[in-house]
Amino acid sequence: MGRRLRWPWPPTLVRVLIIAAWLVVWEAVVRFGLVGQLLVAPPSSTVVAMVELAGLPEIQAGFVETLLEFVVGFGVAAVVGTLLGFVLGLSPAAFRILNSPLMTLYGTPKSIFLPLFVVFLGLGYQSPAAFAALSAVFPVIITVIAGIRALDQRLLMTADSLGASRLDKVRFVFLPGTFPAIISGLWLGIKQALLAVLLAEMFISGTRNVGYWIAHYASAFQAASVYALIAWLSLLAIALGLAWRRLEAHASRWRLTERGATL
Amino acid sequence: MPEDPTRSPAGRPGSEILTASGVSVSFQTAAGARIDAVDAVDLGIHEGEFVSIIGPSGCGKSTLLRAFGGLTRLSSGTVTLDGERVVRPQPDKIAFVFQDYTLFPWRTVLANTVMGLQFRGVGRREREETARHFLQLVGLDWCAGSFPAELSGGMQQRVAIARALTMNPSVLLMDEPFGALDEQTRTLLGSELARIVEETGKTVVFVTHSLAEAVFLSDRVLVMSARPGQIKDVVEVPAQRPRDESFLTSEVFDRLRRRIFSSLIEEVHRQAAVNEEYRRAGTSDS
Ligand SMILES: Nc1ncnc2c1ncn2[C@@H]1O[C@H](COP(=O)(O)OP(=O)(O)O)[C@@H](O)[C@H]1O
Ligand SMILES: [Mg+2]
């Protein structure tokens, strides 16, 4: 057994190199005509298109529209999901009554409801928002219930012995104790909501949102513009993910996994 | 022997503060079977007295302690504190210290210590002042800002004791508070507890697995029978206070420990037989 070999470069650098290599290969494949430029745009044209599109007012308006759908949809899912999660987690009676219908709904592919949304909510931002809410609410509910179930009974008995009222227990035990679970549940919700918003936009788009513009450029065979929009969306999602990771770490800092110190 | 061995003899300073009469507690298991955890316990505990309860694992010690503190519904009988019936937790009069996982991991030491006062509605400044005072008493005021995960098990239990004392209870109910600690820490915390109890004059009911701990700390040691738990034996510890480590090596100590051990070991075997019976009957049980 020899000494463990140490990777010579820092992981961030390696990551950047891998991405760069992939971009070079992609560029080369398109430039040398291995795939049609009509369908696949090289990274260089994608970047150019990203800059161009970002300057167009109608594209900016499309992103505002899409973000609005996402924020409304996810916001509703976050509030309703957390509340329902608490009700189901805290009340055995509510759980018995509501759990099986909710799980049935959860198991159904939500896209079959898309036409219904159009019928009831029209072609405005409401339909994609509602579809996002419906898709995002279940992972939130399920994670919150699991978080409540995972709370240690001994802590609840301690709270009782210290004279905590029901409200005290919700405020000082259940909420902080399930906070990390709520945060990770909401992240699952964010991912579902983003997906749902785009899906809805592609299928039932009435307004000029990002989904509309993607479909528009695709039918005009402007691959670079399609790629550019997708790239902007991806960057947005990545930024959200990074922000959420920090929030998550902050929420569970008392777990001290990285410090693990004992005095 | 007095007629009723569970009543302490007359002449003890302090009147009876906590009384159990005919206390029984039963549980329904998930399988539908009934477990009688505590059966018709009569007991009187005097003000300022330190009483230990020792018994085989699973015999109902924790259940009895919770019944004393109003944390468990009784199947029959009554618990009274100062003549008033205890049917729910009494945070101004009775405080608990449990074995482990008793601090709220997301709260700092100080925030954990103030909790009882916070639930009572005491203002921030006052409750933090009180909390710091008791943290100082257990020697932990210097880590008020730490999270429980940064503390050793012994330190966590000291915080739990400080928190219990902030409530200024007349009775402290402690359920194997040092059970998860190593022998040395146990001995140390035991002496510290004895000092605090002598200083504050609290009445203590103390569940333990350790014979030495029971004899060293107590005025009386109650031996519980195999389940359903009853008070089988009462052993007085007629040693002066304050007690120091020389008591641990004295002849009285040895004699009492042997006496309690022989009483206890019988019940341990009986409890093992009870558990085996349950296992055979196919009832799930710890
Ligand atoms: N909440 C509960 N539900 C069902 N059974 C319980 C419950 N609490 C305790 N028991 C049972 O009661 C018996 C006594 O438990 P316990 O008082 O914890 O014993 P000890 O503290 O002496 O080890 C055990 O058989 C245990 O399984
Ligand atoms: Mg126990």
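No experiment lies behind these values; they were computed from the predicted model shown.

Peer 1: What is the right way to look at the overall build of chain B in this model?
Peer 2: Helix and strand counts for chain B come out as nine helices and 10 strands. Whereas a compact globule of 286 residues would reach a radius of gyration of roughly 19 Å, chain B reaches 19 Å, a difference of no more than 12%. Dimensions of chain B along its principal axes, counting C-alpha atoms only, are 55 × 50 × 40 Å. Out of the 286 residues in chain B, the part that is buried amounts to 53%. Considering only contacts within chain B whose residues lie at least 6 apart along the sequence, 71% involve residues at least 24 apart.

Peer 1: What is the right way to look at the sheet that holds strand β4 (residues 76-81) of chain B in this model?
Peer 2: Paired through backbone hydrogen bonds, the strands of a sheet run either parallel or antiparallel to each other. All names here are of chain B. Strand order in this open sheet of four strands is β2-β1-β4-β5, and the pairing throughout is antiparallel. Since the sheet does not close on itself, it has two edges, and those belong to β2 (34-46) and β5 (84-85), each with one partner. Where strand β1 (residues 16-28) and β4 come together, five bridges link them in antiparallel fashion. Bridged to S21 within β4 is T78. Contacts between helix α1 (residues 61-68) and the sheet are confined to β1, β2 and β4, with β1 contributing the most and set at about 125° to the helix.

Peer 1: Looking at this structure, I do not really get the pairing of β4(B). What am I missing?
Peer 2: Two faces, one strand: in a regular strand the side chains alternate between the faces of the sheet. Pairing geometry for β4(B) and β5(B), over two bridges, is antiparallel. Following the sheet pairing, B:T80 is matched in β5(B) by B:R85.

Peer 1: So what exactly am I meant to see when it comes to the interface of chain B and chain A here?
Peer 2: Often the size quoted for an interface is simply the accessible area lost on bringing the parts together. Residue-level contacts link 30 residues of chain B with 23 residues of chain A. Carbon and sulfur atoms make up 73% of the area that chain B and chain A hide from each other, which totals about 2400 Å². Looking only at chain B, the three residues that lose the most surface to chain A are B:W106, B:F119 and B:E150, adding up to 32% of its buried area. Where chain B meets chain A, there are one salt bridge. Across the pair A:R154 and B:D100 runs a salt bridge, and its minimum N-O distance is 2.8 Å. Seen at the junction of chain B and chain A, the total is one residue pair in polar contact (both at pLDDT 80 or more). Mapped onto the side of chain B that touches chain A, the elements with two or more residues apiece are β6 (94-97), α3 (115-120) and α5 (153-166) of chain B.

Peer 1: So what exactly am I meant to see when it comes to unusual backbone geometry here?
Peer 2: Most of the time, phi is negative for any residue but glycine, and the peptide bond is trans. Residues and elements named next belong to chain B. Of the consecutive residues R227 and P228, the connecting peptide bond is found in the cis state with omega at -5°. Summarising the element assignment, P228 is placed in the loop between β9 (220-224) and β10 (231-236). Across the junction of R241 and P242, the peptide omega takes the value -10°, indicating a cis bond. Along the chain, the position of P242 falls in the loop between β10 and α8 (245-248). Residues other than glycine seldom take positive phi values, yet E176 does so here, at roughly 45°. Mapped onto the elements, E176 comes out in the loop between β7 (171-175) and α6 (183-200).

Peer 1: Which parts of the structure should I look at to understand the site of ligand 1?
Peer 2: Residue and element names in this part refer to chain B. In the region of ligand 1, 13 residues are neighbours, and G58, K61, S62, T63 and R227 sit closest. Within the backbone of K61, an N or O atom sits 2.8 Å from an oxygen atom of ligand 1. Between an oxygen atom of ligand 1 and a side-chain N or O atom of T63, the distance comes to 2.5 Å. Coverage of ligand 1 by the protein amounts to 73% of the 560 Å² it exposes when considered alone. Here the element with the most residues in the shell around ligand 1 is α1; it accounts for three residues.

Peer 1: Can you walk me through the environment of A:T104 in this structure?
Peer 2: Residues and elements named next belong to chain A. With respect to the secondary-structure elements, T104 resides in helix α4 (residues 92-107). For the pair formed by T104 and M50, sequence separation is 54 residues and the distance between their alpha carbons is 42 Å. One polar contact links the side chain of T104 to the main-chain carbonyl oxygen of S100, over a distance of 2.7 Å.

Peer 1: How should the pattern of salt bridges be read in this particular structure?
Peer 2: A side chain of one charge can pair with a side chain of the opposite charge if their charged atoms are brought near each other. All names here are of chain B. Tallying each qualifying case throughout the model produces 19 salt bridges over all chains. For D36, the salt bridge goes to R34, with nearest N and O atoms at 3.0 Å. Residue classification places R34 among the exposed positions, given a relative accessible area of 53%. R220 serves as the salt-bridge partner of E49, at 2.6 Å between the closest nitrogen and oxygen. A residue pair is termed long-range when its members are at least 10 positions apart, and E49 in the loop between β2 and β3 (50-54) and R220 in strand β9 qualify at 171 residues. Look at E49 and you get buried, because its relative accessible area is 2%. Assessed through its relative accessible area of 0%, R220 is described here as buried.

Peer 1: What am I meant to see in the confidence of the model for chain B here?
Peer 2: Low-confidence regions, as indicated by low pLDDT, have predicted coordinates that should not be scrutinised in detail. All names here are of chain B. When pLDDT is averaged across chain B, the result is 89; 94% of the residues are at 70 or more. Note on residues 1-11: pLDDT under 50 across the span, and 18 contacts to partners over four residues away in sequence or across chains. Complex prediction metrics read pTM 0.82 and ipTM 0.87.

Peer 1: Can you walk me through the packing of α4(A) against helix α6 (residues 126-149) of chain A in this structure?
Peer 2: For any two helices packed against each other, the geometry is given by the interaxial angle and the distance between the axes. Residue and element names in this part refer to chain A. Orientation of α4 relative to α6, taken along the N-to-C sense of each, is 140°, at an axis distance of 11 Å. With respect to their mutual orientation, α4 and α6 come out oblique. With respect to the hand of their crossing, α4 and α6 are arranged in left-handed fashion. Counted together, F95, L102, M103, L105 and Y106 of α4 and L134, F138, P139, I141, I142, I145 and R149 of α6 form the full contact between these two elements. Its residues placed into classes, the contact of α4 with α6 shows 11 nonpolar, no polar and one charged.

What counts, and at which threshold
Residues numbered from 1 in each chain as written. Chains lettered and ligands numbered in written order. Predicted model: local features only at pLDDT ≥ 70, side-chain atom pairs only at ≥ 80, totals over all residues. Heavy atoms only, no water. Helix = DSSP H or I, 4+ residues; strand = E, 2+ residues; numbered from the N terminus. Rg over C-alpha atoms; globule rule 2.2 N^0.38 Å. Buried < 20%, exposed > 50% of the residue type's maximum accessible area, 1.4 Å probe, protein only. Contact = heavy atoms within 4.5 Å. Pairing = 2+ DSSP bridges. Axes fitted to C-alpha atoms, helices over the stretch in contact; angles between N-to-C directions. Buried area = accessible area lost by both parts, 1.4 Å probe. Salt bridge = Lys/Arg side-chain N within 4 Å of Asp/Glu carboxyl O. Polar contact = N/O pair within 3.5 Å; in protein donor to acceptor, adjacent residues only side chain to side chain. Near = heavy atom within 4 Å. Areas by Shrake-Rupley, 256 points an atom, 1.4 Å probe, with all protein chains shown as cover. pLDDT = per-residue confidence, 0-100. Parallel < 35°, antiparallel > 145°, perpendicular 65-115°, else oblique. Left-handed = near helix turned anticlockwise from the far one by under 90°. Nonpolar A, V, L, I, M, F, W, Y, C, P; charged D, E, K, R; others polar.

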